[in-house]
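# Close look at the chain arrangement
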Amino acid sequence: MQEVLTRLSGKLFVDGCFVEGQGERLQVRNPARATVIGEIAVAGTEEIASAVACAQRAWRTWAKEPARVRAEALHALGQLIREDASSMAQVMTLEQGKPFNEARGEILKLAEACHFYAEEGLRVHGEVIPNDQPGYQSVVMREAIGVVAAITPWNYPAELVGWKLCAGVAAGCAVIIKPSEFTPFTALYIAEKTLQAGIPAGVVTVLTGDGPSVGRALVEHPAVAKIAFTGSSQTGLRIQQSCPSVKRLSLELGGNCPMLVTRHADLAQAVQGAVRRSFRNMGQICIAINRIYVERPIYADFLTRFASAARALVIGDGLLHPAADVGAMAQPAPLQKTRAHLEDALAQGARLVAGGAAPAGKEYAQGLFFQPTIVADCTPAMLVMREETFGPLVGVAAFDTLDEAIALANDTPYGLAAYAYTQNLQEIHRCAAELDVGNVALNHVDAGIMNAPYGGRKQSGVGVEHGREGLLEYFQFKHVRLHHGVGA
Ligand code: NAD
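Along each chain, numbering runs from 1 in the same order as the chain's sequence is written. Given that the model is predicted, a residue must reach a pLDDT of at least 70 before its local features are reported, and side-chain atom pairs must reach 80 or more before they are shown or counted; all residues, however, enter totals for whole chains, interfaces and linings. Think of the side-chain values as coming from all heavy atoms in the structure, minus any hydrogens and water.

Glancing now at the packing of aromatic side chains. Between 30 and 60 degrees the pair is tilted, below 30 it is stacked and above 60 it is edge-to-face, where a pair is any two Phe, Tyr or Trp rings, Trp via its six-membered ring, whose centres lie within 6.5 Å. Evaluation of the coordinates by the stated rule reveals seven aromatic pairs. Aromatic side chains Trp154 and Phe390 sit 5.5 Å apart centroid to centroid with 75° between the ring planes, which places their arrangement in the edge-to-face category. On the criterion of sequence distance, the pair formed by Trp154 in the loop between strand S7 (147-151) and helix H6 (159-171) and Phe390 in the loop between helix H13 (383-386) and strand S16 (393-399) is long-range, its members being 236 residues apart. Residues Trp154 and Phe390 agree in their burial class; the two are buried. Each ring, one from Phe302 and one from Phe306, has its centre 5.3 Å from the other, and the planes form 40°; the classification is tilted. Of this pair, Phe302 and Phe306 both sit in helix H11 (residues 296-311), four residues apart, which is roughly one turn of the helix. Each member of the pair Phe302 and Phe306 is classed as buried. In this scheme, Lys NZ or Arg CZ marks a charge over a ring once it lies within 6 Å of the ring centre and within 35 degrees of the ring normal. Taking NZ or CZ as reference, Lys98 lies 3.7 Å from the ring centre of Tyr156, over its face. Note that Arg481 overlies the ring of Tyr136, its terminal NZ or CZ placed 4.1 Å from the centroid. The way it works is that DSSP assigns letters per residue, a run of H or I at least four long becomes a helix, a run of E at least two long becomes a strand, and they are numbered from the N terminus. Accessible area is worked out with a 1.4 Å probe on protein chains only. A residue is then buried under 20% of its type maximum, exposed over 50%, and partly exposed in between.

Put into structure tokens, the structure is as follows:
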């Protein structure tokens, strides 16, 4: 493993080669042990300019290739990633903190994205549109956008890079990845695979560094035609405001996701779902459940079962305990925010029913660990009920009518995902129709699948990833109206 990290430390991936970055170095840490695992270079102005110029040259040729050629390269990439999944997962666990088995699962989903977009890219057709006047024909073509900057966060270091990379490459774009400065090695490792898969030089680039310098420089670069961003709503808004020229933006941002449990729910399933989606990846998921509203007659029973299921989760160093339920948090800021939201809730009268502190023991002493934590009897004023915690903390409150629960669920500037558990058909249809979010999951908590569009509303973003719609985000339309005179 050390050999991979040494090979990738300080490197940028430009024009099909790993080059030594010339700029300042940033350390990358293992959050389970607080040890330094490597360093990255902050790409400088000239390095960025040269990388964008290479990408600009590369996409024009790449876009002209038959879709079949791009599909073959993506299939090869998917195969290479699958074959090396264990090694890639170790790198991810080291820099992100999630248990090895979860990291491996994420790498395999990245491979799936390669194969999905390889296939989907073959089925991008234009349209012929009937005209009002005889002798004319309208053709709508779909053309690759050009150079795309993919700016990504640290919570899913492979998938969030992969959705942009695969859709962009399938469309014929060149993709410049600016990974999170906290989890850069997974992205550099993916770049190495693109080289082995035969994706031409310049089609894929990785520029490491921090957001305010490298990310911002890409946002401001006139030759970057699209920003595909996943990250916080604050940074998304900053990107939208700092864009000096008109360009395509897709912004996959934060959430504050509610879950509704009515008295018609299968309670065991609801508890299982609540545990999985509140605490998986230590709650560091944009679609994590932040707040749960439970119908009053089943409120006490739900809380008892939920608390005992949360306490049963196994916490561990993700490399030493590959099958642990949760690992370390990825970085200090969300841990501090979790503690702050917990303190705020308790100060305002919430009742602690599980967790509430770091786990005891030598193994946890150096790392960013925290117990899965549940607070009950929450009010809308508490931070846990209205802000994205992005940590292993969830607030629970009782409700009396579905109208009230839906109103509470929608009373947020966010609109990413919502969950509901009920076996009542009318309630199911009301939740599907009235929850004001991009993704509704009913009687389960896995809101996203590869072949359906995934995106947010309101302050949770614009644009989608996944599915056919996620691919079309990398194309622009061209209407060609021809006068051929036939039949006039
Ligand atoms: P972040 O916004 O701090 O950073 C995301 C990326 O943006 C990083 O690569 C960072 O370096 C870069 N960046 C920071 N400032 C920038 C600037 N001014 N210009 C350009 N780039 C800049 O987010 P994070 O803390 O890395 O990730 C957590 C957030 O991501 C959470 O809010 C979470 O909900 C969100 N998220 C959303 C989705 C989704 O699909 N909607 C998925 C995962 C994570």
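Turning to the site of the ligand, a few remarks are in order. Around the ligand, 27 residues are found, and the nearest of them are Thr152, Lys178, Thr235, Leu253 and Glu388. Contact distances for the ligand include 2.8 Å between an oxygen atom and a side-chain N or O atom of Glu181. Identification of polar contacts relies on pairs of N or O atoms within 3.5 Å, with a donor-acceptor requirement for protein atoms, meaning one able to donate a hydrogen and the other able to accept it, and with residues adjacent in sequence counted only if both atoms are side-chain atoms. Backbone polar atom of Leu253 to a nitrogen atom of the ligand: 2.7 Å apart, as the coordinates give it. Protein chains shield 90% of the accessible area of the ligand, which is 860 Å² for the free molecule. Sorting the residues of the shell around the ligand by element identifies helix H8 (211-220), strand S10 (226-230) and helix H9 (233-242) as the ones contributing at least two each. Ranked by residues supplied to the shell around the ligand, first place goes to H8 with three residues. Counting contributing residues, the shell around the ligand receives three or more from each of domain 1 (2-253 + 460-477) and domain 2 (257-449). The criterion for a residue being near a molecule or strand is simple. One of its heavy atoms has to lie within 4 Å of it. The protein chains shown are the only cover counted for residues, whose accessible areas, like all others here, come from Shrake-Rupley with a 1.4 Å probe. Note that domain bounds follow an automatic or database assignment of domains.

Our focus in this paragraph is the domain arrangement of the chain. Looking at the chain, the domain boundaries give domain 1 (2-253 + 460-477) and domain 2 (257-449). The C-alpha centroid of domain 2 is placed 30 Å from the C-alpha centroid of domain 1. Whether two residues touch is decided by their heavy atoms; if any such pair falls within 4.5 Å, the residues are in contact. With 22 residues of domain 1 in contact, the opposing surface of domain 2 contributes 31 residues. Taking both sides of the interface into account, the surface hidden between domain 1 and domain 2 amounts to around 2200 Å²; carbon and sulfur atoms contribute 53%. Whenever a carboxyl oxygen of Asp or Glu lies within 4 Å of a side-chain nitrogen of Lys or Arg, that contact is scored as a salt bridge. Taken together, the links from domain 1 to domain 2 amount to two salt bridges. Of the charged contacts, one joins Arg280 and Glu102 as a salt bridge, the two residues approaching to 3.2 Å between their closest N and O atoms. At the level of elements, helix H4 (85-96) and helix H5 (100-120) are the ones that each hand at least two residues to the side of domain 1 that touches domain 2. Broken down by element, the side of domain 1 that touches domain 2 gets its largest block of residues, four residues, from H4. Buried area is understood as the total, over both parts, of accessible area removed when two parts are fitted together, assessed with a 1.4 Å probe.

DSSP-based pairing: two strands are paired if at least 2 bridges between them are found. Spatial strand order, S5-S6-S22: three strands in an open sheet with antiparallel pairing. If you trace the sheet from one side to the other, it starts and ends with strand S5 (127-129) and strand S22 (475-483), each paired once. Within the sheet, the average angular offset between the axes of one strand and its neighbour, ignoring direction, is 25°. With nine bridges connecting them, strand S6 (residues 136-144) and S22 associate as antiparallel partners. A fitted line through C-alpha atoms serves as each axis, taken over the contacting stretch for helices, and the angle formed by two N-to-C directions is quoted from 0 to 180°.

The next subject is the state of the cysteines. Note on terminology: disulfide denotes any pair of cysteine sulfur atoms within 2.5 Å. For the coordinates displayed, the defined rule picks out zero disulfides. No disulfide involves Cys166; its sulfur sits 3.7 Å from that of Cys114, the nearest cysteine. Cys166 sits in the buried class, given a relative accessible area of 0%.

With that settled, consider the sheet that holds strand S15 (residues 373-376). Within a sheet, neighbouring strands are paired by backbone hydrogen bonds and run either parallel or antiparallel to one another. If you walk across this open sheet you meet the seven strands as S14-S15-S16-S13-S12-S18-S19, and the pairing is mixed. Each end of this open sheet is capped by a strand with a single partner; those strands are strand S14 (351-354) and strand S19 (439-442). In this sheet, neighbouring strand axes are inclined to one another by 25° on average, regardless of whether the strands run parallel or antiparallel. By the bridge criterion, four bridges tie strand S18 (residues 417-421) to S19 in an arrangement that is parallel. Paired with Ala420 across the two strands is Leu442, which belongs to S19. H11 rests against strand S12 (257-261), strand S13 (289-295), S14, S15 and S16 of the sheet, and its axis sits at about 140° to S13. In the packing of helix H14 (residues 402-410) onto the sheet, the strands contacted are S12, S13 and S16, and the crossing angle to S12 comes to about 170°.

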